[in-house]
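# Analysis of the macromolecular model
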Amino acid sequence: MWKCPQCGREFKRQNQSHYCGKAPENIDGYIAAQPSEQRRYLQLVREAVHEAIPEAEERISWSMPTFWKKHNIIQFAGFKNHIGLYPGPEAVEAFSQRLQGYKTSKGTIQIPYGEEIPLELIGDIARWCYETGNHP
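In short, a report on the structure. This structure is a prediction, so every number in the text was calculated from the model and none was measured.

### Describing the sheet that holds strand E3 (residues 57–61)
- The 6 strands are arranged E3-E4-E5-E6-E8-E7 in an open sheet whose pairing can be described as antiparallel. The sheet is open, and its two edges are formed by E3 and strand E7 (103–105), each paired on a single side. In this sheet, adjacent strand axes meet at a mean angle of 25° when their direction is disregarded.
- Pairing analysis gives 4 bridges linking strand E5 (residues 72–78) to strand E6 (residues 82–86), with the strands arranged antiparallel.

### Topic: the pattern of salt bridges
- Here the structure, examined in full by the defined rule, presents 5 salt bridges.
- Notably, a salt bridge pairs Glu57 with Arg59, separated by 3.0 Å at the nearest N-O pair.
- In this structure, Arg98 engages Asp124 in a salt bridge whose closest nitrogen and oxygen atoms are separated by 2.9 Å. Of the two residues, Arg98 sits in the loop between helix H3 (89–94) and E7 while Asp124 sits in helix H4 (residues 119–132), which places them 26 residues apart along the sequence.
- Classification of Arg98 by relative accessible area gives partly exposed; the value is 40%.

The rules behind the values
Residues numbered from 1 in each chain as written. Predicted model: local features only at pLDDT ≥ 70, side-chain atom pairs only at ≥ 80, totals over all residues. Heavy atoms only, no water. Pairing = 2+ DSSP bridges. Helix = DSSP H or I, 4+ residues; strand = E, 2+ residues; numbered from the N terminus. Axes fitted to C-alpha atoms, helices over the stretch in contact; angles between N-to-C directions. Salt bridge = Lys/Arg side-chain N within 4 Å of Asp/Glu carboxyl O. Buried < 20%, exposed > 50% of the residue type's maximum accessible area, 1.4 Å probe, protein only.

Set out below in structure tokens:
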């Protein structure tokens, strides 16, 4: 077990990425708290989702940026080497052909930093989650 020297929380992995202290109150705060080299990517994902589903409310849920309308529609989060996109397992299956080349698992898509962010695909996934009611 690894114990964070700042907040004292314990994790299975050494140097586990996490929030120390109070979680951000909004998506602006979440993005501002991330390392500077990741902020631009996170903002692009946010904008792609917002453009696809402008009627959704932005909020923080499970310490992650979330787009919500009566339920969580889609979430994303920044990690050391990638952005995690959380549209749910049905979306990952529905978009499996277009997601080739990305690491996926049940309900999760990993988008590496340093590559072009598939903004159109992210928008399409967000819109699909909203329109079908399939969500995380």
